[in-house]
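In case you want the letters, here they are:
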Amino acid sequence: MLHVHTTFSDGTLTPRQVADQAAGRFDVILFSDHSDLHWEYRLAFVAAQVSRPSLLSAGFPAYLEAIGTAAQAHPELVLLPGMEASPYYYWQGLPLTTGFTLRNWSKHLLVAGIESPADLSALPMYAYGTSRYHPYGGDHGLAPYQEFIDAVAARGGLCFWAHAGVDTVAHFEQVTASTPAHGDDLWRTRGYTGFGASGPSSRLADPGGPWDRALLAYCRGQRERPPWVIAENDYHRGAFPDHPVTVLLATARTRAAVLEALREGRMYACSLPADQLSLEQFTAADPARGQAAIMGQTLSLPAGTVEIRALLHATSAGTAFRLLRDGEVLRTFAGNEVSYTDTGLPPGLHYYRLLAATPGGGALISNPVFVRSGPWKG
Ligand SMILES: [Zn+2]
Ligand SMILES: [Zn+2]
């Protein structure tokens, strides 16, 4: 279960209570409390401020300690400390006038794999005084976010765009906060690990959408790494959920193995519990040499024939399976099994991915399997 809030920001359960609830239902929790819930306007003799509990007020040491204590009580769970960061926002309009708006505060990035308080608080975020971008005088575009992503990568962390397909409007005291959906940031920023594709953000994974644009750029050598899909719960309060789920193909139930699976793309996102919809197998194989690759991996072929196999588990009849290559639908399958032989694959790097949809609106989104097809040039 990825993207979980606690009492360290605007959630209602403590980390220990989250772990108690998760036990027996999930194996992994990524805690993602808000870096800050703090906005201020100080310009031209006008000062306004909104401040709510967050990691900025609680401090990283107390947060990490509380998660550590929960982990001791639940050694069967992998509890990852993380953060939902708001690197930047800007003010639009003038205070005390209509149209005065806090813009883009909800452009959120989830961080995982950085567990030093000093490293976390050094990441460039306006509320921490560590960003060189300020919220006055207009939008700085994607620069503050790209710097944040680069700083996370430089510290060995993982970084995911959260709910990028959602239009967010919220009211905090006298301030209106507005963040338009920003799915194009998936291809306009680089070096991040992945993105959440739950709820309206699942459309970012539609064939030919912004995710495919980023993946195609990777295949053409225009990006250094492909971004991966995850499911995000964004859990704050109320009944503890059993979906959506990110199913990780980790080699062990350890923090290191889970982070490695997230980093390498060995996972898929599913909006339903695993007993209703799951992906049992998804491989690209070289029939001539008996080699195969799974999600996140790259299969190298001397010639352009590749066998795609997938097995789906779906309890609702009428679940349809789409197999995509390079962002386009190759074929739709009605059963639970995909078997597809692709011949004549042009030389170069390609990818296959799967989308499953149930009649009730459930969705499963796989990560891509890459295939590099020859002939090779010496
Ligand atoms: Zn958020
Ligand atoms: Zn959140």
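Source: prediction; values computed, not measured.

Trainee: Run through the overall build of the protein chain, naming residues and quoting values.
Mentor: Scanning the protein chain for helices and strands turns up eight helices and 27 strands. On C-alpha atoms alone, the protein chain measures out to a radius of gyration of 22 Å, which is about the 21 Å that the 2.2 N^0.38 rule sets for 378 residues. On the principal axes, the C-alpha backbone points of the protein chain span a range of 70 × 45 × 40 Å. Here the protein chain holds 378 residues, and 45% of them are scored as buried. In the protein chain, once contacts between residues fewer than 6 apart in sequence are set aside, the share between residues at least 24 apart is 70%.

Trainee: Any details on the sheet that holds strand S13 (residues 175–179)? Residues and values, ideally.
Mentor: Across the sheet, which stays open at both edges, the four strands sit in the order S8-S9-S13-S12 with mixed pairing between neighbours. Of all the strands in the sheet, the pair left with one neighbour each is strand S8 (90–92) and strand S12 (168–172). Direction aside, neighbouring strands of the sheet carry axes that sit 30° apart on average. Relative to S13, strand S9 (residues 101–103) is paired through three bridges, and the arrangement is parallel. Note that in S13 the partner of leucine 102 across the bridge is alanine 177.

Trainee: Lay out the nonpolar core with the relevant residues and their values.
Mentor: With 109 residues, the main nonpolar core has Ile29, Leu109 and Phe160 as its most contacted residues. Both of domain 1 (2–271) and domain 2 (275–378) provide at least three residues apiece to this core. For isoleucine 29, the residues in contact, after removing those within four places along its chain, are Met1, Val4, Val18, Ala19, Ala22, Leu77, Leu79 and Leu80.

Trainee: Can you tell me about the sheet that holds strand S6 (residues 78–80), naming the residues and giving the values?
Mentor: Taken in spatial order, the three strands of this open sheet run S1-S2-S6, and their pairing is parallel. Strands with a single pairing partner mark the edges of an open sheet, and in this sheet they are strand S1 (2–4) and S6. Within this sheet the neighbouring strands show an average axis-to-axis angle of 35°, counted without direction. Of the pairings in the sheet, the one linking strand S2 (residues 28–31) to S6 comprises three bridges and is parallel in character. Bridge assignment links isoleucine 29 to a residue of S6, and that residue is leucine 79.

Trainee: Lay out the domain arrangement of the protein chain in plain terms, naming residues and giving numbers.
Mentor: Segmenting the protein chain into domains produces domain 1 (2–271) and domain 2 (275–378). Here the C-alpha centre of domain 2 lies 29 Å away from the C-alpha centre of domain 1. At the level of elements, helix H7 (210–219), strand S15 (228–230) and strand S17 (267–270) are the ones that each hand at least two residues to the side of domain 1 that touches domain 2. Partitioned by chemical class, the residues of the side of domain 1 that touches domain 2 number 15 nonpolar, four polar and three charged.

Trainee: Give a detailed account of the pairing of strand S27 (residues 369–373), specifying residues and quantitative values.
Mentor: Most of S27 is tucked away: four of the five residues are buried. Sheet topology places strand S25 (residues 348–357) next to S27; five bridges connect them, and they run antiparallel. In the strand pairing of S27, glycine 348 is matched with serine 373.

Trainee: Can you explain H7? Please cite residues and give values.
Mentor: Buried within H7 are the following residues: Pro210, Trp211, Asp212, Ala214 and Leu215. Just beyond H7, the residue with positive phi is glycine 221, at close to 80°.

Trainee: Now, about unusual backbone geometry: what can you tell me, with residues and values included?
Mentor: Each neighbour pair has its own omega, and for histidine 243 with proline 244 the value is 0°, a cis peptide bond. With respect to the secondary-structure elements, proline 244 resides in the loop between S15 and strand S16 (245–248). Even without being a glycine, asparagine 104 presents a positive backbone phi close to 70°. Locating asparagine 104 in the fold gives a position in the loop between S9 and strand S10 (109–112). Backbone geometry at histidine 163 places phi at a positive 30°, although glycine is not the residue there. Its location among the elements puts histidine 163 in the loop between strand S11 (158–161) and S12. The class of histidine 163 is buried, set by 26 C-beta atoms lying within 10 Å.

Trainee: Describe the packing of helix H1 (residues 15–22) against helix H3 (residues 60–73), listing the residues and the values that go with them.
Mentor: Running from amino to carboxyl end, H1 crosses H3 at an angle of 30°, the nearest separation of the two axes being 8 Å. By the angle between their directions, the pair H1 and H3 is classed as roughly parallel. Crossing geometry of H1 relative to H3 is assigned as right-handed. Judged by residue contacts, Pro15, Arg16 and Ala19 of H1 engage Ala66, Ile67, Thr69, Ala70 and Ala73 from H3. For the contact of H1 with H3, a count of residues per class yields six nonpolar, one polar and one charged.

Cut-off values and rules
Residues numbered from 1 in each chain as written. Chains lettered and ligands numbered in written order. Predicted model: local features only at pLDDT ≥ 70, side-chain atom pairs only at ≥ 80, totals over all residues. Helix = DSSP H or I, 4+ residues; strand = E, 2+ residues; numbered from the N terminus. Rg over C-alpha atoms; globule rule 2.2 N^0.38 Å. Buried ≥ 20, exposed ≤ 12 C-beta atoms within 10 Å, placed from the backbone. Contact = placed C-beta atoms within 7 Å. Pairing = 2+ DSSP bridges. Axes fitted to C-alpha atoms, helices over the stretch in contact; angles between N-to-C directions. Core = buried A, V, L, I, M, F, W, Y, C linked by C-beta atoms within 7 Å. Domains from an automatic or database assignment. Nonpolar A, V, L, I, M, F, W, Y, C, P; charged D, E, K, R; others polar. Parallel < 35°, antiparallel > 145°, perpendicular 65-115°, else oblique. Left-handed = near helix turned anticlockwise from the far one by under 90°.

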